[in-house]
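These are the residues of each chain, in order.
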Amino acid sequence: MPTPPHRPRPTAALAMSPGAAAALLAPDALTAFGEVCALQHPPVLHDFTGERARDLLGRAEVLITGWGCPPLDEAALAAAPRLRAVVHTAGSVRGHLTPACWERGIEVSSAAAANALPVAEYTVAMILLTGKHVLERAHAFKATRRRDDPLDTPRTVGNYGRTVGILSASHVGRRVVELLRPYDVRVLLHDPYVDEAEAAALGVRAVGLGELFERSDIVSVHTPLLPATRGLVGRREIAAMRRDAVLINTARGAVVDQDALTEAVLAGRVRVVLDVTEPEVLPPGHPLWGCENALITPHLAGSQGNEWQRLTDVATRELARWAAGDGFAHPVRADRLEFLA
């Protein structure tokens, strides 16, 4: 999607950590960026203080950023008088955008919606696998080498008619709702910023926080970690969960009271799938490591491997739209920052 020839290509620089650059900037990604902007590469900037960095910043109209981008504070912006836009190849922009960016009127795009898809896919996979008790039954099969009679399967096993509770209509939460539509499950949603009409449009039922935990067979946490959401899932919510219910957390570990959750898991009351914990990583002697009703994965739900190409593809399309004067399809707005991860 090259920039129309009658418009000059904007000058762009890359800013992210060396690790992010190695992962994201495959040759085809660099070629695609170069088709829609005058890409100043190398180097990839991982600090904004050196002479070479100041030179690139001084010419850049657009910054293509990634994980580990240095903060765009007042000093960095002073060195970038031509900067008009930031295209982020990952989700959250909190780590590198500062109030000075918004004060300057810099336009911002994020690949948060693209990064939400693999997290949602992981979540739906875990919902279906836990409904069939796959983890526990696989452990038992490995230990006994004996296949159970399928006609003896308890009616607590299976996915038909199960109730899935979604905590937060974030990018990921909404994608999970979308991906669950073909399945025979009921979906509840708790999000204080989503009213009943919007919930109905999403195909879910809006409920209070307590009701979400009381009625759901599976609760999936998609709440960004903000001051108001730290410890949002506390002892009361966990105690309200049905026996043998599942809690899935792909958001941030600190949204959940880790101690209260651990007690419930050790007591055999609930099962958990945790792609994030508090702290991350749990210490070696933590009791959850030895629990058969706890699956802990190493923060792998987000974009990895070939999924990084989706992020750079989105960033390329955003660059092309902006360079053509059409604006971003996925803008990040200052008035929404308090709700974003």
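Cut-offs used in this document
Residues numbered from 1 in each chain as written. Predicted model: local features only at pLDDT ≥ 70, side-chain atom pairs only at ≥ 80, totals over all residues. Heavy atoms only, no water. Axes fitted to C-alpha atoms, helices over the stretch in contact; angles between N-to-C directions. Helix = DSSP H or I, 4+ residues; strand = E, 2+ residues; numbered from the N terminus. Parallel < 35°, antiparallel > 145°, perpendicular 65-115°, else oblique. Left-handed = near helix turned anticlockwise from the far one by under 90°. Contact = heavy atoms within 4.5 Å. 1 Å grid on protein atoms, 1.4 Å probe; cavity = no way out; pocket = protein on both sides within 12 Å on 5 of 7 lines; lining within 4 Å. Points joined across faces, edges and corners; volume = space filled by probe spheres on them. UniProt positions renumbered as here; feature names shortened; annotations may be inferred. Buried < 20%, exposed > 50% of the residue type's maximum accessible area, 1.4 Å probe, protein only. Arc of directions from axis to C-beta.

(A) Representation of the packing of helix H6 (residues 112-131) against helix H8 (residues 171-180) in the model. One way to put it is that H6 packs onto H8 with a least axis distance of 8 Å and a crossing angle of 50 degrees. As summarised for this structure, H6 and H8 are arranged oblique, according to the angle between their axes. Relative to H8, the crossing made by H6 is right-handed. For the pair formed by H6 and H8, the contact residues are Ala112, Ala113, Ala116, Leu117, Val119, Ala120, Glu121, Thr123, Val124 and Ile127 on the first element and His171, Val172, Arg175, Val176, Leu179 and Leu180 on the second.

(B) Region of interest: the environment of valine 157. Within the secondary structure, valine 157 is located in the loop between helix H7 (134-144) and strand E6 (162-167). With 48 residues separating them in the primary sequence, valine 157 and serine 109 have C-alpha atoms 43 Å apart. Residue contacts for valine 157: discarding those within four places in its chain leaves Gly131, Lys132, His133 and Arg137.

(C) Main features of the layout of surface pockets. In this model, the second largest pocket occupies a volume close to 270 Å³. Lining the second largest pocket are Val134, Arg137, Ala138, Ala140, Phe141, Thr144, Arg146, Arg147, Asp148, Asp149, Pro150 and Thr153.

(D) Region of the structure containing the UniProt feature "domain: D-isomer specific 2-hydroxyacid dehydrogenase NAD-binding" (unreviewed entry) in the protein chain. UniProt's feature table lists "domain: D-isomer specific 2-hydroxyacid dehydrogenase NAD-binding" (unreviewed entry) at residues 125-301, given in the numbering used throughout. Counting secondary structure, residues 125-301 comes out at 32% helix and 18% strand; the distance between its end C-alpha atoms is 11 Å.

(E) Quick look at H8. Every buried residue of H8 is accounted for by Val172, Gly173, Val176, Val177 and Leu180. End-on view of H8: buried residues confined to an arc of 140 degrees, all on one side of the axis. As for H8, its buried residues are in contact with H6, E6, strand E7 (185-190) and helix H9 (196-202).

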